[in-house]
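# Breakdown of the fold
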Amino acid sequence: MAPSSTGEPQAKRQKVCIQDKFRPGLFDKSFRDMLRNSIQSSKPYPHCKVSNLIDQDLLRRVQQEIYKHLHFTTKETDIYKVNQTGDLANLDGLSDLEQLRLPALRELREALSSDIFRNFVSDVTGCGALSSTQMDMSVNTYTAGCHLLNHDDVIGTRRVSFILYMPDEPWYPSDGGALELYPVTERDTPANEPTVSVPPEWNQFCMFTVLPGYSFHSVEEVVAEEKRRLSIQGWFHFPQEGEDGYVEQSVIGIPSLQQIEKPLDAQQEPFCEYTTELTATLTKEDREILADWINPDYLKAEFLTKISDKFIEDSAVQLKKFLKEELWQEIATATLEADRCDGLTDGKMPPHGVGVRGNWFVQGPPVSQRFLRLSNESHKEEKTSNIFQRLRSFLETDTFRRWLAVVSDLEPKGYRGMARRFRPGHDFTLATMHQKNRPFLDVTLCLASQEAEKWESCEYGGYECYMAAGEEENDDPATYRSSDEGVLLTIPAGSNELSIVLRDEGVIRFIKYVSARAPGARWDIAYEFDLAA
């Protein structure tokens, strides 16, 4: 190697230059040893955070360039909502003029992808060799309502995940946007609540080793209205073919979509079979029983005919003001009281575990779903437990089955269902489909009790979405079924509204994450009816 004009080898000069972009002492042995020990003892899986990682002047210039010259695209699916740029690896493909506008960003990318920093990451995490040619980086900004639900980052050859935070101003836990880390109850099954929460902090660098079935994490929704959670986020990868340390098929794990679908398949309850023959007509006794529960309009012959015609034509129908008014008022009063008691009506991020009382418990796992579910036992002292248990008993009767047969012109032969409460800031279901290749009848009584116009806008989540499943498999939860082209039906959370949907094979559905800014919880009772062949 030719010496420089000062007598120093060129490689040494470059190394010193790269080191200057990081905090003093970052690469010292004492600091590396301390960080390595911290990572090895961390829970729920190896992770760390490093304060003031990057030279302050450089990072401020990066922030200014991002806001002045980069374009953010808002992306939203069942699993996330985020504002994102393209991959920073593509900076080299920009025009000369565009590259001249981003000198600090290129400088930062060079530092994070440098040999000295890559070897530092490999050393302190103990993860093994990292690729010198494969690395992902993108700029994300989470504004009010943005979030990323639970996943483990197991995609392709990812080995270490990292986030470098650059929020605009001081950030507080009440602003949301924390990185949440989840322990597992068993491999591939995260616990329902996180045990580590890392709020954003200027120039803070967080990283963790990607562990198949273990490195579950999420980004809490941002609730601060005027703040931006700006970050550079990315992954170091396993060595690629031809690089030192390459091992064929070095990453072995369950792809993310299989993790999403497997837990739901495993916990599906069998259908309860009806024991009586179905007669698709309503008896006088049926009408008397129904009159105690539902709006009398839905017992009139002309209404039933119109509803049936619409359902046969569209395979779906939504019936507003379904329950009789006095019953609905009882439900609305009890649910509003519970929401206010739990702090779910003030637009703030509620604590994990909120609302667990009476017969309500957390249903997970959060890699696929999370909400409060009502157990089958009676609980007379807790109002909502009592009311929703009564509603379930009614919806499981032969009388309701006959009414449903009249409306749908179908023959329910079995049912399964549950009462649910989707809490703002916490709850959702991800897109799933039946593994059995036949249609089912979905019947959902939605009972969101306040500010119906907000639910109608769908801006605050809580809506149910039906989509056609894509033909190509996609194992990336960050792009999971993200196309709007496949949307077949969107049903906003309703106030006293019954939806009836014939779900054909190959159709997926989900309940969109309920924003912490929602007016309250989405309460519902959701049933699937197995149909006669």
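Residues numbered from 1 in each chain as written. Predicted model: local features only at pLDDT ≥ 70, side-chain atom pairs only at ≥ 80, totals over all residues. Heavy atoms only, no water.

As recorded in an unreviewed UniProt entry, the protein goes by the name uS12 prolyl 3,4-dihydroxylase, listed as coming from Rhizopus delemar. Here is the UniProt Subcellular location (unreviewed entry) comment for the protein, exactly as written: "Nucleus". On record in UniProt, under Cofactor (unreviewed entry), the comment for the protein is "L-ascorbate". (UniProt positions renumbered as here; feature names shortened; annotations may be inferred.)

## Some points on the packing of helix α9 (residues 301-314) against helix α12 (residues 398-408)
Helix-helix packing: each pair is described by the crossing angle between the helix axes and the interaxial distance. One can describe the packing of α9 onto α12 by two numbers: an axis separation of 7 Å at closest approach and a directional angle of 65 degrees. In this structure, α9 uses L304, I307, S308, F311 and I312 to contact α12, whose residues at the interface are W403, V406, V407 and S408. Broken down by class, the residue content of the contact of α9 with α12 amounts to 7 nonpolar, 2 polar and no charged. (Axes fitted to C-alpha atoms, helices over the stretch in contact; angles between N-to-C directions. Helix = DSSP H or I, 4+ residues; strand = E, 2+ residues; numbered from the N terminus. Contact = heavy atoms within 4.5 Å. Nonpolar A, V, L, I, M, F, W, Y, C, P; charged D, E, K, R; others polar.)

## So, empty space enclosed by the protein
Tallying each qualifying case throughout the model produces 2 cavities of 30 Å³ or more. Empty space within the largest cavity amounts to approximately 120 Å³. Taken together, 18 residues make up the lining of the largest cavity; nearest its centre are L149, E180, S218, R370 and G425. When residues of the lining of the largest cavity are traced back to their parent elements, those giving at least two are β5 (147-151) and β12 (217-219). It is β5 that provides the largest number of residues to the lining of the largest cavity, a total of 4 residues. Looking at side-chain class alone, the lining of the largest cavity contains 8 nonpolar, 6 polar and 4 charged residues. Shared between two domains, the lining of the largest cavity holds at least three residues of each, these being domain 1 (18-256) and domain 2 (268-470 + 482-531). (1 Å grid on protein atoms, 1.4 Å probe; cavity = no way out; pocket = protein on both sides within 12 Å on 5 of 7 lines; lining within 4 Å. Points joined across faces, edges and corners; volume = space filled by probe spheres on them. Domains from an automatic or database assignment.)

## Some words on the pairing of strand β6 (residues 158-165)
As a general feature of sheets, a regular strand has side chains that alternate between the two faces. Counting buried residues in β6 gives 8 out of 8 residues, a clear majority hidden from the surface. Here 5 bridges tie β6 to strand β11 (residues 205-209), and the two strands are oriented antiparallel to one another. Bridging from a neighbouring strand, S161 pairs with F208 of β11. (Buried < 20%, exposed > 50% of the residue type's maximum accessible area, 1.4 Å probe, protein only. Pairing = 2+ DSSP bridges.)

## Here's the deal with the state of the cysteines
Two cysteines joined by a covalent bond between their sulfur atoms form a disulfide. Counted by the stated rule, this structure contains 0 disulfides. The cysteine C458 is free of any disulfide, with C465 supplying the nearest cysteine sulfur at 9.0 Å. (Disulfide = S-S within 2.5 Å.)

## Examining helix α10 (residues 325-341)
The end-to-end C-alpha distance of α10, which contains 17 residues, comes to 24 Å, matching closely the 24 Å that a straight helix rising 1.5 Å per residue would cover. Turning to α10, its buried residues are L327, W328, I331, A332, A334, T335, A338 and D339. If you follow the buried residues of α10, they end up packed against α11 (383-395), β18 (412-422), β20 (440-447), β23 (495-503) and β25 (522-531). (Expected span 1.5 Å × (residues − 1).)

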